[in-house]
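# Understanding the architecture of this molecule
Here's the letter readout for the chains.
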Amino acid sequence: MADYSQMCSFVMMRINAFLDHELDEKVADQMRVHLSECEECLNEVEIWTMIRTKVKEAHAPDPAPVSLLEKVTARIQALEQDSA
């Protein structure tokens, strides 16, 4: 992968696999070396990292309401007392 533009294309096609740690170490190492030398590709990886973080945040489940947690805790304690 001597041609810089070829390596950029190589990296762009594998950004998500790289971020998911799905690449074998040799390929991941090649990408890390390139990213240390290519600001444009590094910027793309940073953009994809931010996008992925925002998507995860947007799809994170809401915490259970306190009232539900209190009911579940009370029920567990009651069951523990009944079995003792």
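Now for a description of the structure that goes with this document. (Residues numbered from 1 in each chain as written. Predicted model: local features only at pLDDT ≥ 70, side-chain atom pairs only at ≥ 80, totals over all residues. Heavy atoms only, no water.)

### Considerations on unusual backbone geometry
One non-glycine residue, His21, lies in the positive phi region at around 60°. For His21, the location among the structural elements is in the loop between α2 (15-19) and α3 (25-37). Of the residues examined, His21 reaches a relative accessible area of 73% and is grouped as exposed. (Helix = DSSP H or I, 4+ residues; strand = E, 2+ residues; numbered from the N terminus. Buried < 20%, exposed > 50% of the residue type's maximum accessible area, 1.4 Å probe, protein only.)

### A look at the packing of α3 against helix α4 (residues 39-58)
The description of two helices packed together rests on the angle between their axes and the distance between the axes. Contact pair α3 / α4: the axes reach a minimum separation of 6 Å and the direction vectors enclose 110°. For the element pair α3 / α4, the angle class is roughly perpendicular. Considering only the axes of α3 and α4, their crossing is left-handed. Residues His34, Leu35 and Glu37 of α3 form the contact with α4, whose participating residues are Glu39, Cys41, Leu42 and Val45. A breakdown of the residues in the contact of α3 with α4 according to their chemical character gives four nonpolar, one polar and two charged. (Axes fitted to C-alpha atoms, helices over the stretch in contact; angles between N-to-C directions. Parallel < 35°, antiparallel > 145°, perpendicular 65-115°, else oblique. Left-handed = near helix turned anticlockwise from the far one by under 90°. Contact = heavy atoms within 4.5 Å. Nonpolar A, V, L, I, M, F, W, Y, C, P; charged D, E, K, R; others polar.)

### Focus: α3
Between the first and last C-alpha of α3 there are 18 Å, a value that for 13 residues agrees with the 18 Å anticipated at 1.5 Å per step. Within α3, the full set of buried residues consists of Val27, Ala28, Met31, His34 and Leu35. Projected down its long axis, α3 shows its buried positions confined to an angular sector of 125°, all on one face. Opposite the buried face of α3, at more than 90 degrees from it, the exposed residues are Glu25, Lys26, Ser36 and Glu37. With a side-chain oxygen lying 3.1 Å from the backbone nitrogen of Lys26, the N-terminal cap of α3 falls on Asp24. (Expected span 1.5 Å × (residues − 1). Arc of directions from axis to C-beta. Polar contact = N/O pair within 3.5 Å; in protein donor to acceptor, adjacent residues only side chain to side chain.)

### Topic: the state of the cysteines
Covalent bonding between the sulfur atoms of two cysteines is what defines a disulfide. A complete count under the given rule lists zero disulfides for this structure. The closest cysteine sulfur to the non-disulfide-bonded Cys38 is located on Cys41, 3.6 Å from its own sulfur. The class of Cys38 is buried, set by a relative accessible area of 5%. Cysteine Cys41 remains unbridged, with the sulfur of Cys8 as its closest cysteine sulfur at 3.6 Å. (Disulfide = S-S within 2.5 Å.)

### A closer look at a nonpolar patch on the surface
A cluster of nonpolar residues, Ile47, Trp48, Met50, Ile51 and Val55, forms a patch on the protein surface that exposes about 440 Å² of accessible area. Structurally, Ile51 is set in helix α4. (Patch = residues over 30% accessible without salt bridge, like charges linked within 9 Å, V, L, I, M, F, W, Y side chains within 5 Å. Areas by Shrake-Rupley, 256 points an atom, 1.4 Å probe, with all protein chains shown as cover. Salt bridge = Lys/Arg side-chain N within 4 Å of Asp/Glu carboxyl O.)

### Considering the packing of aromatic side chains
The description of an aromatic ring pair uses the distance of the two centres, along with the angle that the planes make with each other. Taken as a whole and judged by the stated rule, the model has zero aromatic pairs. Seen from the ring of Phe10, Arg14 lies directly overhead, with NZ or CZ sitting 3.8 Å from the centre. (Phe/Tyr/Trp six-rings, centres within 6.5 Å; stacked < 30°, edge-to-face > 60°. Lys NZ or Arg CZ within 6 Å of the ring centre and 35° of its normal.)

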